[in-house]
Amino acid sequence: MQEQLMEYASGNEMAAIAIKQIGYDLMGYYPITPSTQIAENLDIMRANGETDMVMVAAEGEHSAAGICYGASVAGGRVVNATSANGLLYAIEQFPVQSGTRYPMVMSVVCRTVSGPLSIKGDHSDIMYILNAGWPILFASTVQQVYDFNIIALKLAEAVRLPVVVAYDGFFTSHQKGRCYRFAEDKVVKEYIGAKKEEYPFLDLEKPITVGSYMNEPDIINNRYQLHLAMEEADRLLPELFASYKELSGREYGKVEGCSCEDAESILMLLGSSYDTSLDAVEEMRMQGERVGAATLHVLRPFPGKELANLLSKAGNIMVADRQDSYGAGGGNLSLEVRAAMQRSNHKAKIKSVVYGLGGKDFFKEDAKTMFSWCTDSTRPDFAYYGVEKGEKSQEEDKPLFAPVTREKTKINATKVEENGEEVKVIGGNLNAVTAMPGRIAPGHGACPGCGIPVNLNLLLRGIEDPVVFLFQTGCAMIVTTAYPRTSFKVPYLHNLFQNGAATLSGVAEICYRKQQKGEIPPGDIVFVMVSGDGGLDIGMGSALGTALRGHRLLIFEYDNGGYMNTGYQLSYSTPLGARSATSHVGKEQYGKTFFNKDMPQIMAATGIPYVATVAESNPTDFIKKAAKAAYYAKTTGTAYIKAISACPLNWNDKPATERKVIEAAVNSCYFPLYEIEQGITRLSYDPEKTGKKIPILDWLTMMGRTRHLQKDEYKEVVDRMQKEIDARFRALKKRTE
């Protein structure tokens, strides 16, 4: 047994430690709660020089999976981490990786699949990967997260398959516990051994083709070989568990049970709930009840024989699923347990319950109730546990507040007039638009100083017509729609980051069709998609497709320079050199390593009729551009507005000074104000002409996230940034000429 150190750590922290000790070559990732901490911890290690692993922050989980696949084909040791809808977004890549037999390891930190959106832990995500051809190890404790990450890579390379290590979001990923790790990294590296490549892809003397097109019978032969590899994994796992026991002193099997040898009733659970059930088993056995509990450490290949042996004495089995396979009469775990017991001719009475969805807590009293249901003949074979029946309220059919209708919004605060290739805005001054009714109620949960409500209200001051909103996932959505309340007095829809614009285009097209058919009243409606928090990284493809098709709607991006709703990871709009949770500052790293994305110019390249940038420091300009954008969205095609939006919490500055920080971003030309109307570029404000232009460093030092760049050691980074900003501004001014 090798020397080990005790850690008081969470599952995500232990996963990061194992990944660092293994010495992976590359991690492709995209932030998603609750798996994000793995990448964050590894980035800290990278900044401090503890690992030289290449970390590639993709613009979405689908690309992250592609990055990992390419790196594994090239012969690298590769790791990834994801959760919930991130897993689903990338899912088409997973059979590609297993079907071409390239090993890697991916942590799946289990979380509720939306919608409705929930970030809490259940097993509705991991069950989607059962048929992807990946072995799946399931850790129920923090210690197992560490151990299984090490075992997983050895298994992956032995059978040439990618392997998942799954564990419960928040329950295991975030809660800390005492556990052990090897004192020296070399122990882990020696246990895993050197990577062997039977067919090296980068051997230019013997070139190979990966992923060929196949017809029958080749494809069934390929699938049969994958089946054989999974059988080999089934055979190898006991050997790997045994060899790891010699190394660590910790013993694992495919299945685990407590008091199952004489139990009449057994409760079967997956993940962190198993440990909770042990407390119930202990108390009930002290009272003379013959009960036991069981769990799986291996979900694929499914350990049917081992499970049947473990449960062989039980007359009653209750399988508790933290997920439902809707319409099948139980979750996937219960279906697999029933099949395994039927194959072994086991005569036990099997019942199942779905429990704990959306991270609903599980206590020992719940386990005791499930045991009582197990032997209660009046209880059905399948049921939901923990459902609370609601009562219809007398207030239920009454709106939270009076809706804003067409009549209420048409106050003529702004008017637009066509003048050749330019739309002129008449009115729109600050005094006039104060009479505009609010489409968003005062109540919301945003942080003090947050720029999102400010920017949304300025946008709506310039739009007189009725508005229909679609919000992508992000802070703006989360702080305004906590069920059962809402901040919106107008129709509102949410969809995920990657598909917001396409979804709103579907809404708009049906509205126009219904108006043509006379099913709803005629009249202008402005369809507005609100995006931010990195939403136009992962959602850029959908936005570009919508723009190219020319749907009549307005895309509004509040740019707060980060992936904010999971705690500020870098996004493609984060400034060069900025500190974030995935671009730390240390002796080996200075913050984000590449320039911020110029989304307005990308949108302009699609040929849409109107693109503009706005800032709260120039409110009249903001309102007039909103009116123009609404006009084009009603009459011509897609319009796009981008606002720079403050985030005091993550920019690390003071809420009371945010207007000055925004103004400095404009005056430094980091965020120039301009519009592109019908292909013609017009500069709205030139700080050079007004004598207000400032060096970029003056803006950077106003925020804690970039204040470190004033140190002499980062002068080269600041110079690069200044050169890039100056070049972009010169190019912009040339286009205005």
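Now for a look at the structure at hand. Counting from 1, residues in each chain are numbered in the order their sequence is written. Under the rules for a predicted model, residues below a pLDDT of 70 receive no local features and side-chain atom pairs below 80 are neither given nor counted, while totals for whole chains, interfaces and linings still include all residues. Remark: hydrogens and water are excluded; side-chain values derive from all non-hydrogen atoms of the structure.

### Details of the overall build of the protein
The test is simple: By the criteria applied, helices consist of DSSP H or I runs no shorter than four residues and strands consist of E runs no shorter than two, each listed in order from the N terminus. Every radius of gyration here is taken over C-alpha atoms, with the globule rule written as 2.2 Å times N^0.38, N being the number of residues. Whether a residue is buried, partly exposed or exposed follows from its accessible area with a 1.4 Å probe, protein chains only, as a fraction of its type maximum: under 20%, in between, or over 50%, in that order.
Assigned secondary structure in the protein consists of 26 helices and 27 strands. The C-alpha atoms of the protein give 29 Å as radius of gyration, which agrees with the globular expectation for 737 residues (27 Å, within 12%). Across its three principal axes, the protein shows a C-alpha extent of roughly 85 × 70 × 55 Å. Looking at the protein residue by residue over its 737 residues, the buried ones come to 57%.

### Side note on the packing of aromatic side chains
Convention followed: Only Phe, Tyr and Trp rings are paired, with Trp represented by its six-membered ring, and only when their centres lie within 6.5 Å; those with planes under 30 degrees apart are stacked, over 60 edge-to-face, the remainder tilted.
Enumeration over the complete set of coordinates arrives at 24 aromatic pairs. Ring geometry for Tyr30 and Tyr563: centres 5.1 Å apart, planes at 75°, overall edge-to-face. Of the two residues, Tyr30 is situated in the loop between strand 2 (26–29) and helix 2 (36–47) and Tyr563 in the loop between strand 21 (554–559) and strand 22 (585–586); the sequence distance between them amounts to 533 residues. Accessibility expressed as a relative area gives 5% for Tyr30, which makes it buried. Judged by relative accessible area, which is 4%, Tyr563 ranks as buried.

### Side note on the pattern of salt bridges
As a reminder of what qualifies: Criterion for a salt bridge: a side-chain nitrogen of Lys or Arg within 4 Å of a carboxyl oxygen of Asp or Glu.
Using the criterion set out here, one finds 38 salt bridges in the structure. The closest approach of N and O atoms between Asp381 and Lys349, which form a salt bridge, is 3.1 Å. One end of the pair, Asp381, is in the loop between helix 12 (364–375) and strand 15 (382–384); the other, Lys349, is in strand 14 (residues 349–354), with 32 residues separating them in the sequence. On the accessibility criterion, Lys349 (39% relative accessible area) is partly exposed. Across the salt bridge formed by Arg659 and Glu616, the nearest N and O atoms sit 3.1 Å from each other.

### Remarks on the sheet that holds strand 19 (residues 492–495)
Quick note on the threshold: By definition, two strands form a pair when at least two bridges between them are found by DSSP. Note on geometry: axes are C-alpha line fits, over the in-contact stretch for helices, and angles between N-to-C directions span 0 to 180 degrees. Here a residue-residue contact requires only that any non-hydrogen atoms of the pair lie within 4.5 Å.
The eight strands are arranged 19-18-20-21-25-24-26-27 in an open sheet whose pairing can be described as mixed. This sheet does not close on itself; its edge strands, each paired only once, are strand 19 and strand 27 (680–683). Averaged over all neighbouring strand pairs, the angle between strand axes comes to 15°, with direction disregarded. By the bridge criterion, five bridges tie strand 20 (residues 526–532) to strand 21 in an arrangement that is parallel. Bridging across to strand 21, Ser531 finds its partner in Glu557. Against the sheet, helix 21 (residues 619–635) makes contact with strand 20, strand 21, strand 24 (610–614), strand 25 (639–644) and strand 26 (674–677), and its axis sits at roughly 160° relative to strand 24, the strand it touches most.

### What to know about helix 23 (residues 658–667)
Counting buried positions along helix 23 gives seven out of 10 residues, so the element sits mostly inside the fold. Along helix 23, the residues classified as buried are Glu658, Val661, Ile662, Ala664, Ala665, Val666 and Asn667. Tucked inside the fold, the buried residues of helix 23 contact strand 25, helix 22 (648–651), helix 24 (687–690) and helix 25 (696–700). Backbone geometry just after helix 23 places Cys669 at a positive phi near 70°.

### Regarding the nonpolar core
Inside soluble globular proteins, nonpolar side chains tend to come together where they are buried. Cut-off, in case you're wondering: Nonpolar core, defined: a set of buried Ala, Val, Leu, Ile, Met, Phe, Trp, Tyr and Cys residues in which side-chain atoms within 4.5 Å join the residues together.
If you look at the biggest cluster of nonpolar residues, it comprises 57 residues, and the most contacted ones within it are Met27, Ile38, Leu42, Tyr146 and Ile150. No other element matches the 11 residues that helix 6 (residues 142–159) contributes to this core. Beyond its immediate sequence surroundings of up to four residues, Leu42 is in contact with Ala16, Ile19, Lys20, Met27, Thr51, Met53 and Met55. In this structure, Val611, Ile644, Trp651 and Ile725 belong to the second largest nonpolar core, which totals 56 residues.

### A word on the layout of surface pockets
Test applied: The distinction between a cavity and a pocket rests on a 1 Å grid over the protein atoms alone: a 1.4 Å probe fits inside a cavity but cannot get out, while a pocket stays open yet meets protein on both sides within 12 Å along at least five of seven lines, and a residue with an atom within 4 Å of a point counts as lining. Grid points are joined across faces, edges and corners, and a volume is the space filled by probe spheres set on the points. Each residue gets one of three labels, nonpolar for Ala, Val, Leu, Ile, Met, Phe, Trp, Tyr, Cys and Pro, charged for Asp, Glu, Lys and Arg, and polar for the others, Gly among them.
Of the voids in this model, the largest pocket is the one considered here, and its volume is about 1,000 Å³. As for the largest pocket, its lining consists of 40 residues, and the residues nearest its centre are Thr100, Arg101, Tyr102, Arg160 and Tyr199. Classifying every residue of the lining of the largest pocket gives 16 nonpolar, 13 polar and 11 charged. Approximately 700 Å³ is the volume found for the second largest pocket. Lining the second largest pocket are 18 residues; nearest its centre among them are Leu117, Met477, Thr481, Ala482 and Tyr483. Of all the elements in the fold, those that place two or more residues in the lining of the second largest pocket are helix 16 (475–478) and strand 19. Residue composition of the lining of the second largest pocket, by class: 11 nonpolar, six polar and one charged.

### Observations concerning the environment of His444
Using the following cut-off: N or O atoms within 3.5 Å of each other form a polar contact, as long as, within protein, one can give a hydrogen and the other can take it, and as long as residues adjacent in sequence are counted only when both atoms are side-chain atoms.
Relative to the assigned elements, His444 resides in the loop between helix 14 (430–433) and helix 15 (451–461). For the pair His444 and Asn80, spaced 364 residues apart in sequence, the C-alpha to C-alpha distance is 35 Å. Discounting chain neighbours no more than four positions away, the residues touching His444 are Pro453, Val479, Thr480 and Ser487. A distance of 3.1 Å separates a polar side-chain atom of His444 from the backbone nitrogen of Ala446.

### What to know about helix 7 (residues 185–192)
Within an α-helix, residues lying three or four positions from one another point in the same direction, as the helix has 3.6 residues per turn. Threshold: Read the arc as the range of directions from the helix axis to the C-beta atoms.
When we look at burial in helix 7, the residues that qualify are Val187, Val188, Tyr191 and Ile192. Here the buried residues of helix 7 occupy an arc of 125° about the axis, which is enough to place them on one side. Buried residues belonging to helix 7 abut helix 1 (11–22), helix 6, strand 8 (176–182) and helix 8 (218–248). Once helix 7 ends, the next one or two residues include Gly193, with phi positive near 85°.

### Concerning the sheet that holds strand 6 (residues 136–138)
Reading across the sheet, the seven strands line up as 3-2-4-5-7-6-12 and stay open at both edges, with mixed pairing between neighbours. Lying at the two open borders of the sheet, with one neighbouring strand each, are strand 3 (54–57) and strand 12 (298–300). Averaged over neighbouring strand pairs, the angle between their axes works out to 20° when direction is ignored. Contacts between helix 1 and the sheet are confined to strand 4 (78–82), strand 5 (105–110) and strand 7 (163–168), with strand 7 contributing the most and set at about 155° to the helix. Packed onto the sheet, helix 2 meets strand 2, strand 3, strand 4, strand 5 and strand 7 and runs at close to 135° relative to strand 3.

Just distances and angles here, no functional claims.
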